[in-house]
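Coordinate analysis (summary)
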Amino acid sequence: MAESTSTHHKPSNPEEATVVDRISNLPDSILSHILSFLRTKEAVATSILSIRWKSLWTHVPNLNLDEDEFKRIRISSDEQSRNADIIRYRFKFEHIVSRVWALRNANPLRKFRLRWGFGCDPIHVDTWVRAAIAQGLEELDLDLCPAQPFYMPCTLFSYGKTLVVLKLSGYQIFINSPSSSLGFPSLKILHLHSVTYSNDDSFSRLLSCSPVLQDLSIEIEYEPECDFEIIVPTLKKLHLNMQNPEYKLVINTPALEYLYFRGILSEDLLLENLSNLVKAVLDVDPDYESNGVHEEYGNMEWNFISALNSVKSLYLYGDTTLCLCRSSEFDLPMFHNLTFLNFCVHSCMWHVLPLFLQRVPNLEVMTNCPYDHEECSITLEWIYYEDVPKCVSLHLTAFHFKGFKGFIDELKVVEQILKWARVLKKMTISSYPLDSEKKVCVLKELLMFPRQSATCKIEFN
């Protein structure tokens, strides 16, 4: 083999001599795609690798900029003394972003994500958003905390025809959908978290110009009274976080498959046409401004659940079951499609649960989770309930008892489930940490319980 004429240091390890930079030899399009999975700050950092990489980041169709990342820049005292102007520049977030825009040379942009907290300048944001929209933007994600109100540019509503995802978060973001808006013919995902609506009909106008919307997320916290009329034939996923009870809500979504509700129920609430619902998650908070949990509030929650009677999987978390227990009414429809139920245990829930199970004839899987804020005891109504729910005796195949502490009443519940469930395949018990002696005693008792199902297995962990 001829000797190398290179002036570089010759590797002592023969394997090092065969190392080839295969990544740098890839086409620009592939390298840009790889860089698109990085944050913009990280993508820009690759420009120092070589001349080949110097401008590659400018072709990445994504801008992902977070002010917090630039706050963590640490600069030595020597560098500060050498060039104070550059140091000040590097700490100005708006200057950094503007410079990034300038260096990109108007290359096409698909996704623009911006996180800017206190000190956010609405003028700069407006400039960047307008520039992004003009480039055929598909995803816009803003999480802002401006000192002054930031009004979404009218050009967004008039020329956002390529937009597929729109996520806005920040109470100083004002939305005023113009009546003459050309709309969002491609918008499928819309998240509005703690934003402000300029007019009573701003929200409804926004939905009306989004004909193919599939995913909607709404969060309200300190906003004044809002009206949310969600009548969207194409909507499949709805996420609601309502921490202020001063709202009106109408939901009419025949294609809806997933519903998440967390927060305080409103007195002005209507749910209808939810025939395709697959999964519903409820985490209802008491309305402490109205004396917490009372009969009427519990009735409101049962009415909410009644509208979900087509659902297949139902999750009841947090204070949801506590609110249900306070209700003076129990006139639920049948839940023929419900096959999975997860509920959070309050002591009173063990009294309400058998009544609810009578409305769920085809339940196959049941899971309970402990309530963190009380020592939950099991009432005798459940343990010695004579009218065994049909779903438990004929269809229940799996039961998961979470937060098991080894109490006698808890063992009685397990015993009754094993005694009632004819087709039960698996009983899973997840306990709080128990000492070895207590664990052995519990296991012995569990294994001694008679089982209606000969194929049932007990798993204790």
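All values reported here derive from a predicted model rather than from experimental measurement.

A word on the packing of helix H7 (residues 93-103) against helix H8 (residues 122-133)
Between two packed helices, the angle of one axis relative to the other and the distance separating the axes together describe the packing. The geometry of H7 relative to H8 is characterised by a closest axis approach of 11 Å and an angle of 20° between their N-to-C directions. Classified by the angle between their axes, H7 and H8 sit roughly parallel to one another. The handedness of the crossing between H7 and H8 is left-handed. Residues Glu 94, Val 97, Ser 98 and Trp 101 of H7 form the contact with H8, whose own contacting residues are His 124, Trp 128, Ala 131 and Ala 132. Classifying every residue of the contact of H7 with H8 by side-chain character gives five nonpolar, two polar and one charged.

Considering the sheet that holds strand E8 (residues 196-197)
The pairing of strands in a sheet happens through backbone hydrogen bonds and is either parallel or antiparallel. An order of E4-E6-E8 is seen for the three strands of this open sheet, with the pairing classed as parallel. Each edge of the open sheet is held by one strand with a lone partner, namely strand E4 (150-151) and E8. Sheet topology note: the E4/strand E6 (residues 173-175) ladder contains two bridges and is parallel. Bridging across to E6, Tyr 151 finds its partner in Phe 174.

Some points on the sheet that holds strand E14 (residues 268-272)
If you trace the three strands from one edge of the open sheet to the other, you get E10-E12-E14, paired in parallel fashion. Single-partner strands in this sheet number two, and they are strand E10 (226-231) and E14. Across the sheet, the mean angle separating the axes of adjacent strands is 5° when strand polarity is ignored. In the sheet, strand E12 (residues 247-252) pairs with E14 via five bridges, with the strands oriented parallel. By the bridge assignment, Ile 251 is partnered in E14 with Leu 271.

What about helix H11 (residues 295-306)?
Taking 1.5 Å of rise per residue, the 12 residues of H11 would be expected to cover 16 Å, and the 16 Å separating its terminal C-alpha atoms lies within 8% of that figure. Buried residues of H11: Tyr 297, Gly 298, Asn 299, Met 300, Glu 301, Trp 302, Phe 304, Ile 305 and Ser 306, and no others.

Quick notes on the side chain of Asp 283
Relative to the assigned elements, Asp 283 resides in strand E15 (residues 279-284). Residues in contact with Asp 283, not counting those within four places in the same chain, are Phe 261, Arg 262, Gly 263, Tyr 317, Gly 318, Asp 319 and Thr 320.

Some points on the packing of aromatic side chains
Describing an aromatic ring pair means giving the distance of the ring centres and the angle of the ring planes. As enumerated under the stated definition, the model contains 16 aromatic pairs in all. Ring geometry for Tyr 197 and Phe 228: centres 5.9 Å apart, planes at 80°, overall edge-to-face. Taken together, the positions of Tyr 197 in strand E8 and Phe 228 in strand E10 put the pair 31 residues apart, joining distant regions of the chain. We note that Tyr 197, like Phe 228, is buried.

Thoughts on a negative patch on the surface
A cluster of acidic residues, Asp 200, Glu 225, Asp 227, Glu 229, Glu 246, Glu 267, Asp 268, Glu 295 and Glu 296, forms a negative patch at the surface. The set of elements that each furnish at least two residues to the negative patch consists of E10 and H11. Relative to the assigned elements, Glu 246 resides in the loop between strand E11 (237-242) and E12.

Notes on the nonpolar core
Of all hydrophobic cores here, the largest spans 118 residues; its most connected members are Phe 112 and Ile 230. Element by element, the count of residues in this core is highest for helix H16 (residues 408-420), at six residues. Look past the residues within four positions of Ile 230 in its chain and what remains in contact with it is Phe 203, Leu 207, Leu 216, Ile 218, Leu 235, Leu 238, Leu 240, Leu 249, Val 250, Ile 251, Asn 252 and Thr 253.

A closer look at unusual backbone geometry
Glycine aside, residues mostly have negative phi, and peptide bonds are mostly found in the trans state. Look at Ser 194: it is not a glycine, yet its phi comes out positive at around 60°. Turning to its location among the elements, Ser 194 is positioned in the loop between strand E7 (189-193) and E8. Even without being a glycine, Asn 273 presents a positive backbone phi close to 60°. Tracing the sequence through the fold places Asn 273 in the loop between E14 and E15.

Considering the side chain of Thr 428
Secondary-structure assignment places Thr 428 in strand E20 (residues 426-431). If we ignore the near neighbours within four places in the chain, the residues touching Thr 428 are Phe 399, His 400, Phe 401, Glu 459 and Asn 461.

Reading guide: rules and limits
Residues numbered from 1 in each chain as written. Predicted model: local features only at pLDDT ≥ 70, side-chain atom pairs only at ≥ 80, totals over all residues. Heavy atoms only, no water. Axes fitted to C-alpha atoms, helices over the stretch in contact; angles between N-to-C directions. Helix = DSSP H or I, 4+ residues; strand = E, 2+ residues; numbered from the N terminus. Parallel < 35°, antiparallel > 145°, perpendicular 65-115°, else oblique. Left-handed = near helix turned anticlockwise from the far one by under 90°. Contact = heavy atoms within 4.5 Å. Nonpolar A, V, L, I, M, F, W, Y, C, P; charged D, E, K, R; others polar. Pairing = 2+ DSSP bridges. Expected span 1.5 Å × (residues − 1). Buried < 20%, exposed > 50% of the residue type's maximum accessible area, 1.4 Å probe, protein only. Phe/Tyr/Trp six-rings, centres within 6.5 Å; stacked < 30°, edge-to-face > 60°. Patch = residues over 30% accessible without salt bridge, like charges linked within 9 Å, V, L, I, M, F, W, Y side chains within 5 Å. Areas by Shrake-Rupley, 256 points an atom, 1.4 Å probe, with all protein chains shown as cover. Salt bridge = Lys/Arg side-chain N within 4 Å of Asp/Glu carboxyl O. Lys, Arg positive; Asp, Glu negative; His and termini not counted. Charge placed at Lys NZ, Arg CZ, Asp CG, Glu CD. Core = buried A, V, L, I, M, F, W, Y, C linked by side-chain atoms within 4.5 Å.

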